[in-house]
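As a plain string of letters, each chain reads:
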There are 2 protein chains.
Amino acid sequence: MRMAELSAESGVPVATIKYYLREGLLSAGERTSPNQARYDEHHVRRLKLVRALLDVGGLSIASARKVVDAIDEQTGTPHHILALAHHNLGGTAEHVDEESRRWALDAISATAQKRGWKFGTDSPAVVSLVNVLCSMRRLDHSQLVEYLDSYAEAADRIAEVDFSTLDGLTTIDDVVEQSVVGTVLGDVMIAALRRIAQQNASARRYDNDG
Amino acid sequence: MRMAELSAESGVPVATIKYYLREGLLSAGERTSPNQARYDEHHVRRLKLVRALLDVGGLSIASARKVVDAIDEQTGTPHHILALAHHNLGGTAEHVDEESRRWALDAISATAQKRGWKFGTDSPAVVSLVNVLCSMRRLDHSQLVEYLDSYAEAADRIAEVDFSTLDGLTTIDDVVEQSVVGTVLGDVMIAALRRIAQQNASARRYDNDG
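Cut-off values and rules
Residues numbered from 1 in each chain as written. Chains lettered and ligands numbered in written order. Predicted model: local features only at pLDDT ≥ 70, side-chain atom pairs only at ≥ 80, totals over all residues. Heavy atoms only, no water. Least-squares fit on C-alpha atoms with pLDDT ≥ 70 in both. Contact = heavy atoms within 4.5 Å. Patch = residues over 30% accessible without salt bridge, like charges linked within 9 Å, V, L, I, M, F, W, Y side chains within 5 Å. Areas by Shrake-Rupley, 256 points an atom, 1.4 Å probe, with all protein chains shown as cover. Salt bridge = Lys/Arg side-chain N within 4 Å of Asp/Glu carboxyl O. Lys, Arg positive; Asp, Glu negative; His and termini not counted. Charge placed at Lys NZ, Arg CZ, Asp CG, Glu CD. Helix = DSSP H or I, 4+ residues; strand = E, 2+ residues; numbered from the N terminus. Buried area = accessible area lost by both parts, 1.4 Å probe. Nonpolar A, V, L, I, M, F, W, Y, C, P; charged D, E, K, R; others polar. Axes fitted to C-alpha atoms, helices over the stretch in contact; angles between N-to-C directions. Parallel < 35°, antiparallel > 145°, perpendicular 65-115°, else oblique.

Things to note about the relation of the copies chain A and chain B
Superposition of chain A onto chain B requires a rotation of 180° combined with a translation of 0.0 Å along the rotation axis, giving an RMSD of 0.0 Å. Both copies of the chain, as the preceding transformation shows, are related through a two-fold rotation axis. Within chain A, the C-alpha atom positioned nearest to the axis of rotation is that of Ala154(A), 3.0 Å from it. When the interface residues of chain A are mapped onto chain B, 100% of them are again interface residues, pointing to one common binding face.

Quick word on a negative patch on the surface
A surface patch of negative charge is lined by Glu5(A), Glu9(A), Asp40(A) and Glu41(A). Looking at where Glu41(A) falls in the secondary structure, it is placed in helix α3 (residues 41-56).

Thoughts on the interface of chain A and chain B
At the interface, 79 residues of chain A touch 79 residues of chain B. Carbon and sulfur atoms supply 66% of the area buried between chain A and chain B, which totals about 7700 Å² over both sides. Inspection of the region where chain A meets chain B yields 10 salt bridges. A salt bridge links Arg45(A) to Asp140(B), with the nearest nitrogen and oxygen atoms 3.4 Å apart. For the side of chain A that touches chain B, the secondary structure elements donating two or more residues are α3, α5 (78-87), α7 (124-138), α8 (148-164) and α9 (172-207) of chain A. Residue contributions to the side of chain A that touches chain B peak at 28 residues, all from α9(A). Among the residues making up the side of chain A that touches chain B, the classes are represented as 41 nonpolar, 20 polar and 18 charged.

Quick word on unusual backbone geometry
Of all residues except glycine, most have a negative phi; of all peptide bonds, most are trans. Phi angles above zero are rare outside glycine, and Asp140(A) is one such case at about 60°. The topology assignment puts Asp140(A) in the loop between α7 and α8.

Topic: the packing of helix α1 (residues 3-10) of chain A against helix α2 (residues 14-22) of chain A
Residues and elements named next belong to chain A. Where α1 contacts α2, the two axes come as close as 9 Å, and the packing angle between them is 105°. Here α1 lies roughly perpendicular to α2, going by the angle between them. Of α2, the residues touching α1 (which contributes Met-3, Leu-6, Ser-7 and Ser-10) are Val-14, Ile-17, Lys-18 and Leu-21. Taken together, the residues of the contact of α1 with α2 sort by class into 5 nonpolar, 2 polar and 1 charged.

Written out as structure tokens, the structure reads:
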């Protein structure tokens with residue numbers, strides 16, 4: 001299909017598609033003349049995915065590109081591909097002093113031991129967790145660390161459900177895309193469900209007060 | 001204290017503090033001369049909070065301002081204040097057609113009924129959830145809706161832990177700040193823990209394969 005049809009099919013404006021092409025979020029079509037290229041269903045699907053990662057998942061262009069690259073670089077075992085995809089989600093950079101970092105890593109280690117988790121101190125998820133814990137500490141909310149075990153237990157249950165969603169998928173393509181979509185959009189879904197659950201817990205708790 | 005001391009105390013550069021003042025993220029100091037103002041511990045605390053919301057929580061300036069305003073507008077019951085604070089977190093705007101919206105709301109209603117939740121269809125959390133579900137559907141991952149109950153159960157457990165973190169706090173100020181910090185930074189923390197849990201589940205599952 002031509003660019004105009006690709007736009008109609010995916011619901012993404014032509015100017016936006018061109019922007020994604022320039023940013024490497026979408027692979028080039030097959031050139032049919034100096035000014036024209038042909039696109040296929042793979043492009044439609046990828047456009048929808050990019051749209052979802054950016055608009056609903058809230059990823060930056062750079063993060064979305066890394067995710068898309070991870071999906072395309074399908075080398076190695078599924079575990080390796082999943083790790084690669086995860087590697088590019090999260091992990092904010094912020095200055096944390098050495099003493100705080102060690103305090104946070106100690107807390108994470110204690111929780112990991114209870115849950116039977118292995119973790120690399122340089123993995124983006126752990127860097128992100130260190131940042132959050134240090135930030136809570138700076139705000140004098142370091143008592144939140146006492147609840148890390150409970151949150152980790154909930155995270156283990158979520159990860160179990162995450163893996164159930166992969167059951168029945170047969171191709172690596174499907175497993176990887178489902179895993180990425182489930183992880184990025186899943187974060188937004190879990191945050192939304194958490195708000196609804198909090199509001200209900202809050203109503204039960206405080207409406208009795210007054 | 002003067003601006004320079006406020007900067008030293010909070011670790012936030014003077015130029016950034018001035019930016020936050022202009023953006024309404026920090027209240028003005030007490031004017032002592034046409035070119036000088038005096039700041040206090042409240043400003044130090046607020047600066048750290050704003051920093052955490054923006055850098056670690058990943059909020060936009062506009063969202064952070066709404067959160068800060070919600071903390072300051074402490075009228076009504078704790079439930080009302082919490083609702084106000086939550087009201088400003090999440091809820092992305094995106095076009096969803098009426099049929100998809102109804103499909104998503106039906107799924108949310110079914111889950112809410114099982115969990116004993118009440119919800120308003122216009123609340124930001126529900127709008128956000130509708131967007132995510134419709135986005136999954138557009139990506140042909142609508143089967144994820146089958147797992148909504150399981151994710152909602154995990155969200156209820158998280159909300160329980162969230163409320164435990166408020167135990168022992170005595171002032172409304174503390175409850176509201178803890179709730180906001182716990183919600184915004186908590187989302188990042190839960191996402192990070194979910195990644196670590198996924199990586200461990202993935203290693204267990206796939207390393208056996210090959």
